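Residue-level structural notes
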Amino acid sequence: MLYLDHAATTPVRREVLEAITPHLTTEFGNPSSAHSAGERAREALDGARHRVAAALGARPGDVVFTSGGTEANNLAVQGIGFAAALGRGARHIVTTPIEHSSLLEPARFLARVHGFEVTEVPVDRYGRVDPAGIARVLRPDTALVAVGAANNEIGTVQPVAEIAAACRESGVPLHVDAVQAAGWLPLGDLGADSIAVSGHKLGGLQGTGALAVRRRIPLEPILHGGGQERGARSGTENVAGAVALGVALELAERERAEAAARVARIRDAFVDEVLNRAPNAWLTGHPDDRLPSIASFVLPGVNGESVLIELARSGVLASSGSACRAGSTEPSHVLLAAGFDADTARTAIRFSLPRGLDSSLSPVARALADAADTLAA
Ligand SMILES: Cc1ncc(COP(=O)(O)O)c(C=O)c1O
């Protein structure tokens, strides 16, 4: 089997497994306990916090460990949103229509239940948002701008530095969902006020993530209880999960430049070959400003789910774009926002590549072209 769905999840790295084994066996303390076992767990958690902070250009005290990217995005949108509403009566959130549901849904929840107003700034046909379009909708009562650094379905990279500049000028906090960008794009100098990452996209563990949020940004917790994570996220910390995230992020950051260049080269050759062999295939997302790891297409006239089944028969596991939509007949909200019609959007195929990839994907391009040919006939 050739697994090309790394944007959905990745296998746990060997180095991660080695690093966490003690914390699952002998070093099992609760970091809040006063005794020596608790102290050792606390030290492990602090080490992980330093590693995550270093990879994200944040301070260790900014890092809040969460149960994943979804919770990190929820904490940013709801936590910063509630604090802005309580502090200065600000109830306006700006985002884009192509964001992951873990960003869009908490914003919509605030609108539905707490009287917020959400502005979704449109994107172009590549899924890019114009920073000037964001600047135009900022208001004195804007609580937060929330965007993804790179899209999970089509790989398009957003102009985050320009968006950050516009937000800074208006004094509005910027939250960046870097779940897909981590390990592929530099995150240290994004200019964001908060950044969400997820462990399982990087060779860490499923159900782990973090939000790095600058201390000067007021944040209301969304999980209340014992006050762990400096009160921002109650609940006994997942020490092994945090250690896994720290090691996975540190390794991905160390390998980033080399892996990004190598995988982008293989991806570019793959995209060229698919477009040559399957004349009805279209690349989705930006042709250049895209994650090195994502090759995404639509195949008008061919059912996307059927292509995935054909590919799986030839031993290739890809996806229709988002694991959350698997099995669903709903067209992708990302492709609809980028201007594709619903029928075309239903033909989406996404290949998301591993960091370690070092050989040509020519056989996959051939299998895709064959599948498209058979199903179109
Ligand atoms: C862009 C993006 N944000 C957030 C998430 C959610 O992360 P998690 O699976 O850790 O909850 C995902 C997962 O696919 C994602 O792709």
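Structure's up top.
Every value quoted in this text rests on a predicted model; they were computed, and no experiment measured them.

**A closer look at the site of the ligand**
Near the ligand lie 13 residues; those nearest to it are T70, D177, Q180, S198 and K201. For the ligand, an oxygen atom lies 2.6 Å from a polar atom in the side chain of K201. Coverage of the ligand by the protein chains reaches 86% of its 390 Å² of free accessible surface. It is helix α3 (residues 69-88) that provides the largest number of residues to the shell around the ligand, a total of three residues. In terms of residue class, the shell around the ligand is made up of one nonpolar, ten polar and two charged.

**A short note on the pattern of salt bridges**
Taken as a whole and judged by the stated rule, the model has 22 salt bridges. Ionic pairing is found between E15 and R13, a salt bridge with its closest N-O pair at 3.1 Å. What makes E15 partly exposed here is its relative accessible area of 26%. Looking at R13, the relative accessible area reads 17%, which means it is buried. The residue D193 makes a salt bridge to R214 at a minimum N-O spacing of 3.7 Å. Of this pair, D193 sits in the loop between β6 (174-177) and β7 (194-198) while R214 sits in the loop between β8 (209-213) and α7 (239-277), and the two are 21 residues apart along the sequence. The exposure class of D193 is buried, given its relative accessible area of 10%. The partly exposed category is assigned to R214, whose relative accessible area is 30%. Among the ionic contacts, a cluster of salt bridges with common partners joins R13, E15 and E255.

Rules and cut-offs
- Residues numbered from 1 in each chain as written.
- Predicted model: local features only at pLDDT ≥ 70, side-chain atom pairs only at ≥ 80, totals over all residues.
- Heavy atoms only, no water.
- Near = heavy atom within 4 Å.
- Polar contact = N/O pair within 3.5 Å; in protein donor to acceptor, adjacent residues only side chain to side chain.
- Areas by Shrake-Rupley, 256 points an atom, 1.4 Å probe, with all protein chains shown as cover.
- Helix = DSSP H or I, 4+ residues; strand = E, 2+ residues; numbered from the N terminus.
- Nonpolar A, V, L, I, M, F, W, Y, C, P; charged D, E, K, R; others polar.
- Salt bridge = Lys/Arg side-chain N within 4 Å of Asp/Glu carboxyl O.
- Buried < 20%, exposed > 50% of the residue type's maximum accessible area, 1.4 Å probe, protein only.

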